[in-house]
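Structural features, examined
Each chain, letter by letter, is given below.
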Amino acid sequence: MGKKHILYYTIVEFLENGKCPVCGLIKKRREEYFEHVLFEQINDIGFRKKLRTTNGFCNYHTYKFLSYHDSLGTALIYQDLYLSDIKNLERGKIVKSPEKCVVCDIEKDAEKTALDVIFSFLNDSEFKEVFMRSKGLCLPHYKKILLLHSDIPQWFKEFHMKRFKKIAETLHKFIDSENVSLGDKRPTLTKEEELIWKEAVEFFAGVEGLKW
Ligand SMILES: [Zn+2]
Ligand SMILES: [Zn+2]
């Protein structure tokens, strides 16, 4: 069990907001990359050279980048990428696009870091308390932590099994609530239950763009 550093509190904050903290950190690091790192360094020759060596971002992160609508930044980067790939072609070199995506690497790193921090605090009573009040990990991240560690405490496993069963039950309740033929037996949903279909998808798939 390590010291409670800033990352620990970031994870706690995601849990308190009902988010999978691993997905949360992935999304946070991705957004930081696009909002700060990329846009602050767009005029940096070294930075653009690095993007040229990987031949841009993967398809998913290319469209994420495009969604920021930074016209000049996009023009600068893609001018570089075109010129460099034209040179490749003239040399008879066919480079697969992209060879390696910097944002994918950042996200993989964020995922590993979050899973490590969570695992290291599983026997901490304060963390357990926060966790028990939360919505826990999404299905993919719960599976990933199981694959990474054989010594996961029982409470953590029971918590997630209960949580996933609860999602399935609430979906059932939602479906019943839409069923007019049930008449008076149609269940009434809470505000949160009305959005279960959305939450169910998010906790089943993990953050948008998540890879195994
Ligand atoms: Zn997740
Ligand atoms: Zn990528």
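A short tour of the structure in this document, coming up. (Residues numbered from 1 in each chain as written. Chains lettered and ligands numbered in written order. Predicted model: local features only at pLDDT ≥ 70, side-chain atom pairs only at ≥ 80, totals over all residues.)

To continue, consider the overall build of the protein. Looking only at helices and strands, the protein features 11 helices and zero strands. When the helices and strands of the protein are listed from N to C terminus, the series reads α-α-α-α-α-α-α-α-α-α-α. Whereas a compact globule of 212 residues would reach a radius of gyration of roughly 17 Å, the protein reaches 22 Å, over 25% beyond that. Seen through its C-alpha atoms, the protein measures out along the principal axes to roughly 70 × 50 × 30 Å. Burial analysis of the protein (212 residues in total) assigns 21% to the buried set. Restricting to contacts in the protein with at least 6 residues of sequence separation, those with at least 24 account for 79%. (Helix = DSSP H or I, 4+ residues; strand = E, 2+ residues; numbered from the N terminus. Rg over C-alpha atoms; globule rule 2.2 N^0.38 Å. Buried ≥ 20, exposed ≤ 12 C-beta atoms within 10 Å, placed from the backbone. Contact = placed C-beta atoms within 7 Å.)

The next point concerns the packing of helix α2 (residues 21–41) against helix α6 (residues 102–120). When two helices pack together, their arrangement is given by the angle between the helix axes and the distance between those axes. Closest axis-to-axis distance for the α2/α6 pair is 8 Å, and the angle between their directions is 145°. Regarding α2 and α6, the two cross each other, and that crossing is right-handed. Taken together, the residues of α6 that come into contact with α2 (itself represented by P21, V22, L25, I26, R29, R30 and Y33) are V103, I106, E107, A110, E111, T113, A114, L115 and I118. Considering only residue class, the contact of α2 with α6 consists of 11 nonpolar, one polar and four charged. (Axes fitted to C-alpha atoms, helices over the stretch in contact; angles between N-to-C directions. Left-handed = near helix turned anticlockwise from the far one by under 90°. Nonpolar A, V, L, I, M, F, W, Y, C, P; charged D, E, K, R; others polar.)

Moving on to the nonpolar core. Grouped together as the largest cluster of nonpolar side chains are 22 residues, with contacts concentrated most on V22, A114 and I118. When contributions to this core are tallied by element, the ones reaching two or more residues are α1 (6–16), α2, α6, α7 (125–133) and α8 (139–148). It is α6 that provides the largest number of residues to this core, a total of five residues. With five residues, the next largest nonpolar core counts F65, C101, V102 and V103 among its residues. (Core = buried A, V, L, I, M, F, W, Y, C linked by C-beta atoms within 7 Å.)

Structurally, the position occupied by L89 is in helix α5 (residues 71–90). Overall, the presence of 11 C-beta atoms within 10 Å leaves L89 in the exposed class. Through-space distance from the C-alpha of L89 to that of E16 is 51 Å; in sequence the pair is 73 residues apart.

So, about the environment of D80. Among the secondary structure elements, D80 is positioned in helix α5. Sequence separation between D80 and T10 is 70 residues, and the spatial gap between their C-alpha atoms is 36 Å. Apart from residues no more than four positions distant in its own chain, D80 is found in contact with R48, L51 and R52.

Running from N to C, helix α9 (residues 154–177) and helix α11 (residues 196–205) cross one another at 150°; their axes reach a closest spacing of 9 Å. For the element pair α9 / α11, the angle class is roughly antiparallel. Read as a crossing pair, α9 and α11 show a hand that is left-handed. Along the contact surface, α9 presents I167, T170, L171 and F174, while α11 presents I196, W197, A200 and F203. (Parallel < 35°, antiparallel > 145°, perpendicular 65-115°, else oblique.)

Okay, unusual backbone geometry next. The backbone of N55 sits at a positive phi, close to 60°, despite the residue not being glycine. Take N55: there are 17 C-beta atoms within 10 Å of it, and that puts it in the partly exposed class. Of note, H69 is a non-glycine position whose phi angle comes to about 50°, a positive value. Note on placement: H69 falls in the loop between α4 (59–66) and α5.

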